[in-house]
Amino acid sequence: MSRRTADSGAFRSLRVRNYRFYAASNLVSLTGTWMQRIGQDWLVLQLSGDNGVALGLITALQFGPTLLLGLYGGVLADRYPKRRMLVATQTLMGLLALVLGLLVATDGIALWHVFVLAGALGSVSAVDAPVRQAFVAELVGPELLPNAVSLNSTIFNGARLVGPAVAGLLIGAASGDTAPAFLTNAASFAFTIGALLCMRPGELHSSPPVARARGQLREGLAYVWSRPDLRLAMGLALLLGTFTFNSQVTIALMAREVFGVGAEAFGLLTTCFAAGSLSGALLSTRRTRRPLQRFLVVAAVVFGLFSIVCGLMPTYWSFAALLVPTGAAGLVFSVANNSFVQLGVDPQLRGRVMALYFTCFMGGTPLGAPLIGWVCEHFGAPWGFVLGGAVAVAAGGVAAAWLARGRRVRLEAHVVPPRVQLHVGPRAVPPARVRAVAEAASAEAPGTPTSP
């Protein structure tokens, strides 16, 4: 194999020892995390009598703390060693999963317990997420960062492929008891903690820590606001994260209310969505540079269209089949948007910028999840998909119009191979402005001909 082939391989980041440790442990831990998510959703439906608003509320409680703590987590990520912070957050998350599992196993669980523990888990995750995202860059360096981000999504969705299926089997085998899923997740955090402790600190690509000072959070916000490209990515993340990435609510309600299936069939639906997401993540591993802004726009629109069509499927099996391309489209957008942000920031601001990104991407969930749950409750579960997809299409359209201001734009459709390309030409300069510039140049340098 030539060096060029090796450098462009889909799994090239795994040549880095520290990243291999991180990736392997992450696969185990995330499998447990997805088992807990399926178990938690199923437990809420059991305790609440299949209430869609309660399901949306538990999701909001799990992701709501991102609004309050996510940005502060980014400040901590830039200020302190990320590896030590991850050991602390992973330990706390494992303990919370253990408490939930023991409450269910001893028949002491109540709905309010699930709400409280989901909020606590969300609080720890709000700090953990930006630290973890910024830590990936330290593991592999800037050259391998696009590939590492894609591989992380591949691992995440590989776990989502396996975790829900295993959780469904465990819950079904235990006659509806969700305790095994929670206890398995609690044990899985030991792998991540062990991997973090076994890494070689000297091989990390650590950026100099930012000294403690006033105004560091405002500095990160001002940096993002000064960058139109980052504002575009943050806006798309906010709208799609709030309204379109709500599969944990919509799939569960489709399974229970529309198709009337049990835990095993629900796990299969989530697995279909994860299989598509895994395919989208694998497609993204070939990326070697920062995505273009117009790629983000097209990816958002395609994801929205698939979501709308998915919600209109009349049977269980047609719905399951459409979940695959829907998941793939969503992950292509998600990975591209994440890479776009990470590869466009100053390393010493990466923690704060990624914290803002996750605040946008996940912080809208406390609003979006209950709203989607309410829509599903009053108008039917399919409308959750339709509304989310419509928002994604509208967001992509607005973003395309914003990019096209003063530019020449054309849309090309190709039959072989099938694809759609959005071409945005250079910004057009008004003729009056051209004349003004030429006249100014002539005035400054008399007798010198102006360039056309």
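Residues numbered from 1 in each chain as written. Predicted model: local features only at pLDDT ≥ 70, side-chain atom pairs only at ≥ 80, totals over all residues. Heavy atoms only, no water.

A. Broad picture of the overall build of the protein. Helix and strand counts for the protein come out as 18 helices and two strands. Each of the 452 residues in the protein was classed as buried or not, and the buried ones make up 52%. By sequence separation, contacts in the protein at least 24 residues apart represent 83% of the contacts at least 6 residues apart. Within the structure as shown, the protein displays about 19700 Å² of accessible surface, and the carbon and sulfur contribution to it stands at 67%. (Helix = DSSP H or I, 4+ residues; strand = E, 2+ residues; numbered from the N terminus. Buried < 20%, exposed > 50% of the residue type's maximum accessible area, 1.4 Å probe, protein only. Contact = heavy atoms within 4.5 Å. Areas by Shrake-Rupley, 256 points an atom, 1.4 Å probe, with all protein chains shown as cover.)

B. Structural view of the confidence of the model for the protein. With 86% of its residues at a pLDDT of at least 70, the protein reaches an overall mean of 80. Contacts of residues 1-6 to residues separated by more than four positions or lying in other chains number three contacts, the stretch itself having pLDDT below 50. Contacts of residues 428-452 to residues separated by more than four positions or lying in other chains number six contacts, the stretch itself having pLDDT below 50. (pLDDT = per-residue confidence, 0-100.)

C. The UniProt feature "transmembrane region" (unreviewed entry) in the protein, seen in detail. As recorded in UniProt, the sites labelled "transmembrane region" (unreviewed entry) are residues 21-39, 51-73, 232-253, 265-283, 295-316, 322-341, 353-375 and 381-404. Annotated as 100% helix and 0% strand, the span residues 265-283 places its first and last C-alpha atoms 27 Å apart. (UniProt positions renumbered as here; feature names shortened; annotations may be inferred.)

D. Region of the structure containing the environment of Leu221. Structurally, Leu221 can be placed in helix α9 (residues 216-225). Taking relative accessible area as the criterion, Leu221 reaches 36% and is therefore assigned partly exposed. As a C-alpha pair, Leu221 and Arg352 span 131 residues in sequence and 8.1 Å in three-dimensional space. Not counting residues up to four positions away in its chain, the partners in contact with Leu221 are Leu71 and Leu356.

E. Structural detail: unusual backbone geometry. Phi at Asp107 takes a positive value of approximately 60 degrees, unusual for a residue other than glycine. By the secondary structure assignment, Asp107 is in the loop between α5 (82-105) and α6 (111-140). In this structure Asp107 comes out as exposed when scored by relative accessible area, which is 71%. A positive phi is found at Ser175, a non-glycine position, where the angle reads about 55 degrees. Within the fold, Ser175 resides in the loop between α7 (145-173) and α8 (179-198).

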